[in-house]
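Remarks on the overall topology
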2 protein chains.
Amino acid sequence: MSDTSDSFIGINWGSSNFRAHLIASDGTVLDSLEAPAGVATVQRDGMVEMAARVRTRWPHATRVYAAGMIGSNVGWTDAGYVHCPAGFDRLCDGLVPTRMGELALRIVPGLACVRERDGAPDIMRGEETELLGLHAGGDLGDAPLVALPGTHTKWVRIEDGRVIEFMTAMSGEIYDRLTAAGLLASIVEGPGEDGDAFRDGVRTSASRTLGLGALLFGARARVIRGLLPKADASAYLRGLLIGSEIADALALFPRGDDVAIPLVGSPAVCALYAAALEELGIASRTVASAQAIARGFVEIDARVRAR
Amino acid sequence: MSDTSDSFIGINWGSSNFRAHLIASDGTVLDSLEAPAGVATVQRDGMVEMAARVRTRWPHATRVYAAGMIGSNVGWTDAGYVHCPAGFDRLCDGLVPTRMGELALRIVPGLACVRERDGAPDIMRGEETELLGLHAGGDLGDAPLVALPGTHTKWVRIEDGRVIEFMTAMSGEIYDRLTAAGLLASIVEGPGEDGDAFRDGVRTSASRTLGLGALLFGARARVIRGLLPKADASAYLRGLLIGSEIADALALFPRGDDVAIPLVGSPAVCALYAAALEELGIASRTVASAQAIARGFVEIDARVRAR
């Protein structure tokens, strides 16, 4: 039986969705409230309304944390970014207290880095709580490189419980937008699953002979010339995008010898990344992520209570 | 005064537009008929209607040629592709006679290649008539590499009046689609012109440290971190896309020593490519292309009459 007397509220408030949880101090999720009320879909009064629902549902929880786009420059309050390397201690230093109507809460800052290899900046917001939570729970082992596949996939270099640096690739969004209409829409059928065409795409882009601008058009040339069945074109396109991204991540970050890369995300997308990595001779393992952000909030709450 | 007795009709019939010309044997355009009746916008009965307008307007011209998407698998008749290396003689071997209502015409085939360096296929349709026309007219000099900047930019290796091989990069479409909505739409202001931000983008992608999936997201990270003014973000994005494309073209094809690369296309887009090439230490020159396709049709017509 979880101890509910010390329970607190953790809110994962992203662009599209709002997910609030009543969390016990051992990380057990006691109750949840979800709504399609992301910061891209509701205005400030809509945010206050969601805050009121949280207050009404769990009137006795006094400590409330929120992570994700709610802390961006298009959210409720810009909670800024903490510079890497950063772990939970630095995240907690950067918590931004605020109030939405009757709800007092602390917003978790994002992370910013300047990568060592190419000197370029990158940012994350929301993933830091999930990722560091998984690490604290032991789910990532001592892997130095972790991938969070999704619309904007993050590849994160992690060391001693701190995020050192990371890279974001917008492969998922590029696929979605370029196949929704235009030249590539005409060749796309089917969901784009693992198979020979997918792996051919992975190898082609990971070789880095050509960039995506030329390779993506090449998919259409292959279809027109009868070298790629139309039913396989979406798989080939996904392979090109993911292969290019993996080559970039490996060019930037050490992945450790004989360490399977943890993949954190939806099972279907993680399976594609696992297949791509396998094709390139790299082991990976999918990490269950359903409770990851709750685990992150537990670490944050423990530090806040200890201060 | 042009000799009009030998005049013929050349139609540039693309995805979006229909442009027909009455052309004298010396290449002078005597009259034109234009309409937004591309193959992506009209059905087969609409094509027959355009053919009837051509027949009515120029009743005495007996030889009619059409190039462009009208010969694709979504056009009137699939005119197929001639394999490279190919010049006008091979194009004329591949002319496909057909009839649209009362109009008898010959459709120019496209070109297909398999590139030497990466073994990948590529295709073009419409550009072959324009490009070989410019070459026949002496406008390209003896440049071994020519660029046709546009939504789908072509980089073409040409030798002795024949197209040897080529590469298509969909940089223009990637820019248009990724900035119309989604993550990058939020950082794009202004038209994206030459300047420090554009050239920074060119250098960044041409160095080939990272692929476009990571670099394009990086543009947003730069804006959020205050390293790139929002007003310059579109220029930076265009620079990334064009720089990547140029690096690919130079990796595939020899460009000749001390030969300025001819750029064929709209002046505004050619100016961006010229700036990008300059930033990479490569000379270029813009070639007026208004009459290029008429010049190509003259070469085709001369060969047809001689047979």
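The following refers to the structure shown. Predicted, not measured: the structure shown is a model, and the values here were computed from it.

Within the secondary structure, Pro36(B) is located in the loop between β3 (29-35) and α1 (44-57). Residue class for Pro36(B) comes out exposed when judged on its relative accessible area of 68%.

With that settled, consider the sheet that holds strand β1 (residues 8-13) of chain B. Residue and element names in this part refer to chain B. Here we have six strands laid out as an open sheet, ordered β3-β2-β1-β4-β7-β6, and mixed in their pairing. Either end of the sheet is taken by a strand with one partner, and the two such strands are β3 and β6 (96-100). Strand-to-strand, the axes of this sheet are offset by a mean angle of 25°, without reference to chain direction. In this structure, strand β2 (residues 18-23) lies alongside β3, joined through six bridges in antiparallel fashion. Note that in β3 the partner of leucine 22 across the bridge is aspartate 31. Along the sheet, α1 makes contact with β1, β2, β3, β6 and β7 (103-107), crossing β3 at roughly 155°. Contacting β1, β2, β3, β4 (64-67) and β7, helix α9 (residues 292-306) crosses the sheet at an angle of about 130° to β1.

Turning our attention to the side chain of Glu245(A). Note that Glu245(A) resides in helix α7 (residues 230-252). Of the buried charged residues, Glu245(A) lacks a salt bridge, with Arg238(A) as the closest side chain of opposite charge at 9.7 Å.

Moving on to the packing of helix α5 (residues 196-206) of chain A against α7(A). Residue and element names in this part refer to chain A. In the contact formed by α5 and α7, the axes pass within 6 Å of each other and the chain directions differ by 35°. Considering how the two elements wind past one another, α5 and α7 form a crossing that is right-handed. Contacts between α5 and α7 involve Ala197, Phe198, Asp200, Gly201, Val202, Thr204, Ser205 and Ala206 from the first element and Asp232, Ala235, Tyr236, Arg238, Gly239, Leu240, Ile242, Gly243, Ser244 and Ala247 from the second. In the contact of α5 with α7, the residues fall into nine nonpolar, six polar and three charged.

Rules behind the numbers
Here the residue numbers are simple positions, counted from 1 along each chain's written sequence. Starting at A for chains and at 1 for ligands, labels are handed out in the order in which the entities are written. The model is predicted, so local features are restricted to residues of pLDDT at least 70 and side-chain atom pairs to those at 80 or more, both for listing and for counting; the totals for chains, interfaces and linings are taken over all residues. To obtain the side-chain values, all non-hydrogen atoms of the structure were used and water was disregarded. Only DSSP runs of H or I with at least four residues qualify as helices, and only runs of E with at least two residues qualify as strands; both kinds are numbered from the N terminus onward. Three labels apply to residues, based on accessible area from a 1.4 Å probe with only protein chains included: buried if under 20% of the type maximum, exposed if over 50%, partly exposed otherwise in between. Should DSSP find at least two bridges between two strands, the strands are taken to pair. For every element, the axis is a line fit to its C-alpha atoms; helices are fit only across the contacting stretch, and the angle between N-to-C directions ranges from 0 to 180 degrees. Should any heavy atoms of two residues lie within 4.5 Å, those residues are considered in contact. Only four residue types enter the charge count, namely Lys and Arg as positive and Asp and Glu as negative; His and the chain termini do not. When a carboxyl oxygen of Asp or Glu is within 4 Å of a side-chain nitrogen of Lys or Arg, the pair counts as a salt bridge. Each helix crossing is assigned a hand: it is left-handed if the near helix lies turned anticlockwise from the far helix by less than a right angle, otherwise right-handed if that turn is clockwise. Here the term charged refers only to Asp, Glu, Lys and Arg, the term nonpolar to Ala, Val, Leu, Ile, Met, Phe, Trp, Tyr, Cys and Pro, and the term polar to all other amino acids, Gly among them.

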